[in-house]
Amino acid sequence: MVSLKQTEEVYIEHGQTWENGWDSCTKKTNHDDFINISELIGNKLINKDYHGVKITEDLNTCLCLLADLTGRIQIPLGADNKYGTGFVQKVRKSKVGGCPCPECVRNKQSKKDWAILSITIVLHVLPEQAEAEKCVLHLFCDDEQKADEVKTDEQKADEQKAEEQRADEQKADEQRADEQKADEVKTDEQNADKQKADAQKADEEKTDAQKKIEPKTVYGRRLADTDKERGDNDWCFVECVTHDMDLVGKLEKTIKDFNDLQKKLYQQYKNNKEKQLVVIVSHPHGGPKRISFGHTVEKKSLKDVRENQNWCNYSYNTATCPGSSGAYVFILGQPLCGSGYWFGHPHNHSHYTGAQLINCSSIGVDHIG
């Protein structure tokens with residue numbers, strides 16, 4: 001039996017922008033199958049047919065939730081960066097020891113409230129503990145502008161320092177103005193309060209769609225678990241940390257809604273056994289988020305465990321590119337056991353094989369019965 005070559009799909013910049021990588025990609029035939037995530041979020045895919053499946057409102061909503069839980073993994077490699085895609089599976093709040101993120105360490109003042117995010121991915125993206133500790137996960141990089149706007153820690157620190165200096169200078173100016181204009185009906189402080197209140201009101205009036213496109217960054221803490229002892233199966237998960245508790249609250253709700261809607265969709269599509277719809281949301285070439293549709297080619301069962309779990313992997317023809325490694329493999333009608341449960345884990349995109357570019361997932365868990 002001939003063993004087909006496996007090609008992993010991390011993306012390393014090599015001094016290029018993601019646009020350059022996109023233009024020089026060896027899988028250009030796939031590019032027409034990538035859809036801008038704005039099409040999904042804007043409900044423009046509803047009622048369209050992909051591989052014999054009509055996109056319903058429930059399915060569209062579920063895929064939007066999947067997109068919100070999908071982020072771009074970035075690992076600095078000297079002058080270059082390595083990119084993959086990760087999925088936020090779980091969130092756990094903590095008050096133990098204070099937030100250990102680089103921002104808190106740099107400021108020498110840890111936030112009391114913080115959280116640990118469990119990110120499922122594949123091991124070849126983060127093969128070593130040292131890489132997991134210095135990786136970052138960028139969430140909501142949904143379009144070209146937002147993908148390019150995400151700042152490094154050093155850039156954020158410089159900008160924060162400059163902003164604090166401007167704030168100090170503005171405060172001093174306001175104090176001098178107050179002394180000179182004490183007889184005015186509205187003091188400069190009152191004007192500043194009004195401006196702050198107006199800005200807060202404007203922010204509150206933003207729609208959810210406007211708010212969700214703001215990029216967020218969480219920081220790698222450790223490589224928490226892998227399945228490498230089970231053979232060449234490639235799955236792992238990394239823990240990231242953040243003290244952005246608004247983000248934590250949003251992710252908690254998104255995870256719950258995603259798991260609940262997946263169970264509902266399973267009941268609707270569980271009898272579709274042949275060529276199940278496979279959807280992947282990823283960051284090809286480390287650029288903005290894209291969605292692609294395909295179908296299953298084969299399911300390979302590895303072993304049954306716990307009487308009702310089947311450890312398996314899937315092959316499928318859904319479009320991927322370098323940078324897609326680690327993306328959640330969404331299989332419509334899949335008997336879920338890897339999401340929404342305390343045990344098991346989902347399938348993540350791992351590699352492609354052969355000249356026909358058949359994609360393969362990591363090991364994952366299906367429910368039996």
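Residues numbered from 1 in each chain as written. Predicted model: local features only at pLDDT ≥ 70, side-chain atom pairs only at ≥ 80, totals over all residues. Heavy atoms only, no water.

Colleague: An account of the overall build of the protein is requested, with residue identities and associated values reported.
Modeller: For the protein, the count of helices and strands is ten helices and 18 strands. Considering only residue pairs separated by 6 or more positions, the protein has 70% of its internal contacts joining residues 24 or more positions apart. (Helix = DSSP H or I, 4+ residues; strand = E, 2+ residues; numbered from the N terminus. Contact = heavy atoms within 4.5 Å.)

Colleague: Please set out the pairing of strand β6 (residues 70–77) residue by residue, giving values where relevant.
Modeller: It is a general feature of regular strands that their side chains alternate between the two faces of the sheet. Counting buried positions along β6 yields six of eight residues, so the element is predominantly enclosed. In this structure, β6 lies alongside strand β7 (residues 80–94), joined through eight bridges in antiparallel fashion. What sits directly across from I75, in β7, is K82. Linking two consecutive strands that pair antiparallel, namely β6 and β7, is a turn of two residues; a positive phi of about 65 degrees is found at G78 within it. Pairing geometry for β6 and strand β9 (residues 136–139), over four bridges, is antiparallel. (Buried < 20%, exposed > 50% of the residue type's maximum accessible area, 1.4 Å probe, protein only. Pairing = 2+ DSSP bridges.)

Colleague: Go over the environment of D257, please, and point to the residues and values.
Modeller: If you trace the backbone, D257 turns up in helix α10 (residues 245–269). Side-chain polar atoms of D257 contact the side chain of K253, separated by 2.7 Å. (Polar contact = N/O pair within 3.5 Å; in protein donor to acceptor, adjacent residues only side chain to side chain.)

Colleague: Account for the nonpolar core, with residues named and values stated.
Modeller: Where a protein is soluble and globular, its nonpolar side chains tend to be buried together. By size, the foremost hydrophobic cluster in this structure holds 55 residues, and its most contacted members are L59, L63, V88, F258, I291, F293 and F330. Here this core gets eight residues from one element, more than from any other, and that element is α10. Ignoring sequence-local partners within four residues, the contact set of L63 consists of L40, V279, I291, F293 and F330. (Core = buried A, V, L, I, M, F, W, Y, C linked by side-chain atoms within 4.5 Å.)

Colleague: Break down the packing of helix α3 (residues 57–68) against α10 for me, with residues and values.
Modeller: In a pair of packed helices, the angle between the axes and the distance between the axes together describe the arrangement. Relative orientation of the contacting elements α3 and α10 amounts to 145 degrees, with a least axis distance of 9 Å. Once α3 is placed against α10, the crossing between them reads as left-handed. Taken together, the residues of α10 that come into contact with α3 (itself represented by D58, L59, T61, C62, L65, L66 and D68) are K250, L251, T254, D257, F258, L261, Q262, K264, L265 and Q268. For the contact of α3 with α10, the residue count by class is eight nonpolar, four polar and five charged. (Axes fitted to C-alpha atoms, helices over the stretch in contact; angles between N-to-C directions. Left-handed = near helix turned anticlockwise from the far one by under 90°. Nonpolar A, V, L, I, M, F, W, Y, C, P; charged D, E, K, R; others polar.)

Colleague: Can you lay out the environment of A115 for me, pointing to particular residues and giving the numbers?
Modeller: Summarising the element assignment, A115 is placed in strand β8 (residues 114–122). As a C-alpha pair, A115 and K95 span 20 residues in sequence and 8.1 Å in three-dimensional space. Leaving out residues up to four positions away in the same chain, A115 has contacts with V91, R92, K93, S94, C240, V241, T242 and V248.

Colleague: Describe the pattern of salt bridges, with residues and values.
Modeller: Throughout the structure, instances matching the rule amount to 13 salt bridges. The residue K289 makes a salt bridge to D142 at a minimum N-O spacing of 3.0 Å. Placement of the pair is K289 in the loop between β12 (277–282) and β13 (290–305) and D142 in the loop between β9 and α6 (144–149), with a sequence separation of 147 residues. Look at K289 and you get buried, because its relative accessible area is 0%. What makes D142 buried here is its relative accessible area of 7%. When the shortest N-O distance is used, the salt bridge between R222 and E239 registers 2.9 Å. Within this pair, whereas R222 is found in strand β10 (residues 216–226), its partner E239 is found in strand β11 (residues 235–242), the two being separated by 17 residues in sequence. One continuous salt-bridge network, built from bridges that share partners, spans R221, R222 and E239. (Salt bridge = Lys/Arg side-chain N within 4 Å of Asp/Glu carboxyl O.)

Colleague: Quick one: what's the story with the pairing of β8, residue by residue and with numbers?
Modeller: With nine of its nine residues buried, β8 lies for the most part within the structure. Every second residue of β8 is oriented toward a common face, with W114, I116, S118, T120 and V122 on one face and A115, L117, I119 and I121 on the other, all of them buried. Where β7 lies against β8, seven bridges are found, and the strand directions are antiparallel. Its bridge partner lying in β8, S94 is registered against W114. Here β8 runs beside β11; their pairing, made up of eight bridges, is antiparallel. For I121, the partnering residue across the bridge sits in β11 and is C236.

Colleague: Now, about unusual backbone geometry: what can you tell me, with residues and values included?
Modeller: Located in the positive-phi region is F140, a residue other than glycine, with phi close to 65 degrees. Along the chain, the position of F140 falls in the loop between β9 and α6. Phi at H285 takes a positive value of approximately 60 degrees, unusual for a residue other than glycine. Relative to the helices and strands, H285 resides in the loop between β12 and β13.

Colleague: Break down the confidence of the model for the protein for me, citing the residues and quoting the values.
Modeller: Confidence in the prediction for the protein averages 84 pLDDT; 79% of positions are at 70 or higher. Per-residue pLDDT stays below 50 along residues 205–212; that stretch engages in eight contacts with residues further than four places along the chain or on separate chains. (pLDDT = per-residue confidence, 0-100.)

Colleague: I'd like a description of the packing of aromatic side chains, backed by residues and values.
Modeller: On inspection of all chains with the given rule, the structure shows seven aromatic pairs. Between Y11 and Y83, the aromatic rings sit 6.4 Å apart at their centres with planes inclined by 25 degrees, giving stacked as the arrangement. Here Y83 lies in strand β7 and Y11 lies in strand β2 (residues 11–12), a separation of 72 residues in the sequence. Judged by its relative accessible area of 6%, Y11 is buried. On the basis of relative accessibility, which here comes to 8%, the residue Y83 falls in the buried class. One aromatic cluster is present, formed by F87, F258 and Y328 through successive ring pairs. (Phe/Tyr/Trp six-rings, centres within 6.5 Å; stacked < 30°, edge-to-face > 60°.)

Colleague: I'd like to hear about α10, residue by residue, with values.
Modeller: End to end, α10 covers 36 Å across 25 residues, agreeing with the expected 36 Å (1.5 Å per residue, within 8%). Of the positions making up α10, those classed as buried are L247, V248, L251, T254, I255, F258, N259, L261, Q262, L265 and Y269. For α10, the N-terminal capping position is held by D244, with its side-chain oxygen 3.3 Å away from the main-chain nitrogen of D246. (Expected span 1.5 Å × (residues − 1).)

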